[in-house]
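Observations on the three-dimensional arrangement
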Amino acid sequence: TAHRGCTPGGPGCLAHRGPAPCGPAIRPERRLLRLGQKQGRLQVLARAPLACHRGALVRHLCRALRRRHPVQGLSVWCVLELISERHRGHAVDDLGLREAMLFAEPIRRAGEDFISAKMEGKPFLAVHCRRTDFLKARKGTTPDPMAIVEQINGILVELGYDRVFVATDEPKELQPLLEAQIRGSVVFLHDSPPQSVVHLAHPGQLAAVEMWVAARSDFFVGTQESRFTAHIQLERSWLGKPLETSEREFCKRGGEPKPCVAPAYRHSGRTG
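These numbers come from a predicted model, not from an experiment.

Some thoughts on the overall build of the chain
- When helices and strands are counted, the chain shows 11 helices and 10 strands.
- Within the span of the chain, comprising 272 residues, buried residues form 49% of the whole.
- If you take every contact in the chain between residues at least 6 apart in sequence, the share linking residues at least 24 apart comes to 70%.
- Carbon together with sulfur atoms contributes 52% to the accessible area of the chain, which is approximately 13400 Å² in total.

Focus on the packing of helix H10 (residues 203–216) against helix H11 (residues 227–238)
- Closest axis-to-axis distance for the H10/H11 pair is 9 Å, and the angle between their directions is 45 degrees. Here H11 runs oblique to H10, going by the angle between their axes. The two elements H10 and H11 meet at a crossing, and its hand is right-handed. Mapping the contact onto sequence places Ala207, Glu210, Met211, Trp212, Ala214, Ala215 and Arg216 in H10 and Phe228, His231, Ile232, Glu235 and Arg236 in H11.

Here's the deal with the sheet that holds strand E6 (residues 163–168)
- Strand order in the open sheet formed by 4 strands is E7-E6-E5-E8, with parallel pairing between adjacent strands. For this open sheet the edge positions go to strand E7 (185–188) and strand E8 (219–221), each flanked by a neighbour on one side alone. Direction aside, the axes of adjacent strands within the sheet are offset by 25 degrees on average.

Points about the environment of arginine 108
- Tracing the backbone through its elements, the reader meets arginine 108 in helix H5 (residues 105–119).
- On the basis of relative accessibility, which here comes to 19%, the residue arginine 108 falls in the buried class.
- Separated by 105 residues in sequence, arginine 108 and valine 213 place their C-alpha atoms 8.5 Å apart.
- A distance of 2.7 Å separates a polar atom in the side chain of arginine 108 from the backbone oxygen of phenylalanine 103.

Brief notes about the state of the cysteines
- Within the structure shown, the criterion is met by 1 disulfide.
- Across a sulfur-sulfur distance of 2.2 Å, cysteine 251 and cysteine 260 are joined as a disulfide pair. Measuring handedness by torsion sign, the sulfur bridge of cysteine 251 and cysteine 260 sits at about 125 degrees and is right-handed. The residues cysteine 251 and cysteine 260 share a single accessibility class, namely buried.

What to know about the pattern of salt bridges
- Scanning the entire structure with this criterion turns up 11 salt bridges.
- In this structure, the salt-bridge partner of arginine 130 is aspartate 169, at a minimum N-O distance of 3.1 Å. Linking arginine 130 in the loop between strand E5 (125–129) and helix H6 (134–137) with aspartate 169 in the loop between E6 and helix H8 (171–181), this pair joins segments that are 39 residues apart in sequence.
- Looking at arginine 130, the relative accessible area reads 21%, which means it is partly exposed.
- A salt bridge links arginine 163 to aspartate 162; the shortest N-O distance between them is 3.2 Å.
- Take arginine 163: its relative accessible area is 9%, and that puts it in the buried class.
- With a relative accessible area of 35%, aspartate 162 lands in the partly exposed category.
- Taken together, the shared-partner salt bridges in this structure form one network comprising Glu120, Lys122, Asp162 and Arg163.

Some remarks on H5
- Its 15 residues place the ends of H5 21 Å apart at the C-alpha level, agreeing with the 21 Å of an ideal helix rising 1.5 Å per residue.
- For H5, every residue scored as buried is listed here: Ile107, Arg108, Ala110, Gly111, Phe114, Ile115 and Met119. Looking down the long axis of H5, one finds its buried residues gathered within 160 degrees of arc, a one-sided arrangement.
- Just downstream of H5 lies glutamate 120, where phi reads positive at about 55 degrees.

Some points on the packing of aromatic side chains
- One pass over the full model with this rule turns up 2 aromatic pairs.
- Arranged with centres 6.3 Å apart and planes meeting at 90 degrees, the rings of phenylalanine 103 and tryptophan 212 form a pair that is edge-to-face. In this pair, phenylalanine 103 is assigned in the loop between strand E4 (101–102) and H5 and tryptophan 212 in helix H10, connecting sequence segments 109 residues apart.
- Taking relative accessible area as the criterion, phenylalanine 103 reaches 3% and is therefore assigned buried.
- A cation sits over an aromatic face here: arginine 138 above phenylalanine 134, 5.6 Å from the ring centre.

What to know about the nonpolar core
- Core analysis: the biggest nonpolar cluster contains 23 residues, and Phe114, Phe124, Phe165, Val209 and Val213 have the highest contact counts within it.
- Listed by contribution, the elements that provide at least two residues to this core are H5, E6 and H10.
- Ile155, Tyr161, Phe188 and Phe219 belong to the second-largest nonpolar core, a separate cluster that totals 19 residues.

How each quantity is defined
- Residues numbered from 1 in each chain as written.
- Predicted model: local features only at pLDDT ≥ 70, side-chain atom pairs only at ≥ 80, totals over all residues.
- Heavy atoms only, no water.
- Helix = DSSP H or I, 4+ residues; strand = E, 2+ residues; numbered from the N terminus.
- Buried < 20%, exposed > 50% of the residue type's maximum accessible area, 1.4 Å probe, protein only.
- Contact = heavy atoms within 4.5 Å.
- Areas by Shrake-Rupley, 256 points an atom, 1.4 Å probe, with all protein chains shown as cover.
- Axes fitted to C-alpha atoms, helices over the stretch in contact; angles between N-to-C directions.
- Parallel < 35°, antiparallel > 145°, perpendicular 65-115°, else oblique.
- Left-handed = near helix turned anticlockwise from the far one by under 90°.
- Pairing = 2+ DSSP bridges.
- Polar contact = N/O pair within 3.5 Å; in protein donor to acceptor, adjacent residues only side chain to side chain.
- Disulfide = S-S within 2.5 Å.
- Salt bridge = Lys/Arg side-chain N within 4 Å of Asp/Glu carboxyl O.
- Expected span 1.5 Å × (residues − 1).
- Arc of directions from axis to C-beta.
- Phe/Tyr/Trp six-rings, centres within 6.5 Å; stacked < 30°, edge-to-face > 60°.
- Lys NZ or Arg CZ within 6 Å of the ring centre and 35° of its normal.
- Core = buried A, V, L, I, M, F, W, Y, C linked by side-chain atoms within 4.5 Å.

Next up, the structure:
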């Protein structure tokens, strides 16, 4: 994992600026930031007081993340998102930690290589279609495959695009149908990927590449109530993508008079 203020391979994060370093002298409102090595998830344990200077706190986290881990290249968004969900609008998120974190260089390189190889310099639509447990747990907002087809085709016509990247947890269900019904080129990450993608063996790394490709797309459509979609929408806002290209989500049914859109907090007012 990298920090947007770190030089890859360099000595560490940006130097601390300001009079309030992180340390035992400052004790108000501590928060435990926990990432750990459990079930394939990258975790690091760090204790940081809210009152410390943003630069020092980010530097402290970055130093921890630069240690070697069995699983590399995963983001710390899982923890930062939990913090922001619980304390949204309060001091923790105002520190700017979430937009300070960036996918590791191998993840970003794999995503950029994939875009160059598959999209050939043309604008493209990216979609996240969450299936599996959402078919029961979120059946009130999760569309069936034909509703997905109808909405993708409508957006391709609306935008004038001819290709779509699909991130999904159930490609075997969707790929044959989408390739047959979508009016354009349909691309999945596993479709003859470049070597920089093939070399990433861990499923979490491949999911991170999907997130990066979707974040770099010209237009994105996600799944309602999905945290995977939420992370992509946030990353797009930190990359400076316009709100109107990032907020769209699949409706339960096609042909709805108004598009379904994400909650406003999914688009950060700050770039990273």
